[in-house]
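Results of the structural survey
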Amino acid sequence: GMHIGAPPDEFNQAGQDWGLPPFVPDRLSAVGYRPIAVALEAAAAHGIGLRIDHVMGLFRLYWIPDGASPEDGVYVRYPAAELLDLVASVSQRNGVFVIGEDLGTVEPGVREALAARGILSYKVMRFETDPPPAWPRLSLAAATTHDLATTVASRANVTGVHARLRAAASVLVSFTAEDVLEMAAQPNKPGSDDPWNWSRRLPVSVAELAQRYRDST
């Protein structure tokens, strides 16, 4: 009878209800965190990196009762140390780096705990006041995210934005396919029931996308 989401904040003043049921912490612990371990192992098997969406959920999750507003939710604490150890063991076993999406309402101590285990933080240009060369090395530099408007939709110079990103001190720099292709449509609109969310196909093949990126840089 619960959903997970996020409380009201500057990004979304109504809060967010993602419609997903939460793991119950004591039941999760009782089975040795196997459901999460299986999901992490499956994801790590298909690439060189693993991105954990809303990584703050390893510390606490915002629960919203069925039929209630996100304003009526409450935080439920999770065994963060054990879950971070699990992430680290999956990372080591599969030889993958880990990125933690630490955007939104982040409680004190979370970023320090992630950095202590070598988990990369997110640095999104439109949220940062420090210039990219001042960003921490253990981070992923990005112009935008799937939850935000594309760079073109923000009327920014795509080539200029990515040139600034290349100067970031971050160990990883990412680019968004929609930006390279100068697409204005946002991949995902949080809280929306738009059937196109996560379903927009790119207008070119992966090979052509790579060539366009090389040409633009």
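Residues numbered from 1 in each chain as written. Predicted model: local features only at pLDDT ≥ 70, side-chain atom pairs only at ≥ 80, totals over all residues. Heavy atoms only, no water.

The next point concerns the pattern of salt bridges. The tally for this structure, following the rule as stated, stands at eight salt bridges. Where Glu 41 meets Arg 93, a salt bridge forms, and the shortest distance between an N and an O atom there is 2.5 Å. Of this pair, Glu 41 sits in helix α2 (residues 34-44) while Arg 93 sits in helix α3 (residues 80-94), placing them 52 residues apart in sequence. The partly exposed category is assigned to Glu 41, whose relative accessible area is 24%. The class of Arg 93 is exposed, set by a relative accessible area of 54%. (Salt bridge = Lys/Arg side-chain N within 4 Å of Asp/Glu carboxyl O. Helix = DSSP H or I, 4+ residues; strand = E, 2+ residues; numbered from the N terminus. Buried < 20%, exposed > 50% of the residue type's maximum accessible area, 1.4 Å probe, protein only.)

All right, on to the sheet that holds strand β4 (residues 60-65) then. Taking strand neighbours across the sheet as the criterion, the four strands line up as β2-β1-β4-β5 in an open arrangement whose pairing is antiparallel. Whereas interior strands pair on both sides, the edge strands pair on one side only; in this sheet they are β2 (16-20) and β5 (74-77). The average undirected angle you get between the axes of adjacent strands in this sheet is 45°. Direction of pairing for strand β1 (residues 2-6) relative to β4: antiparallel, over a ladder of four bridges. Opposite Ile 4, over in β4, you have Trp 63 as the bridge partner. (Pairing = 2+ DSSP bridges. Axes fitted to C-alpha atoms, helices over the stretch in contact; angles between N-to-C directions.)

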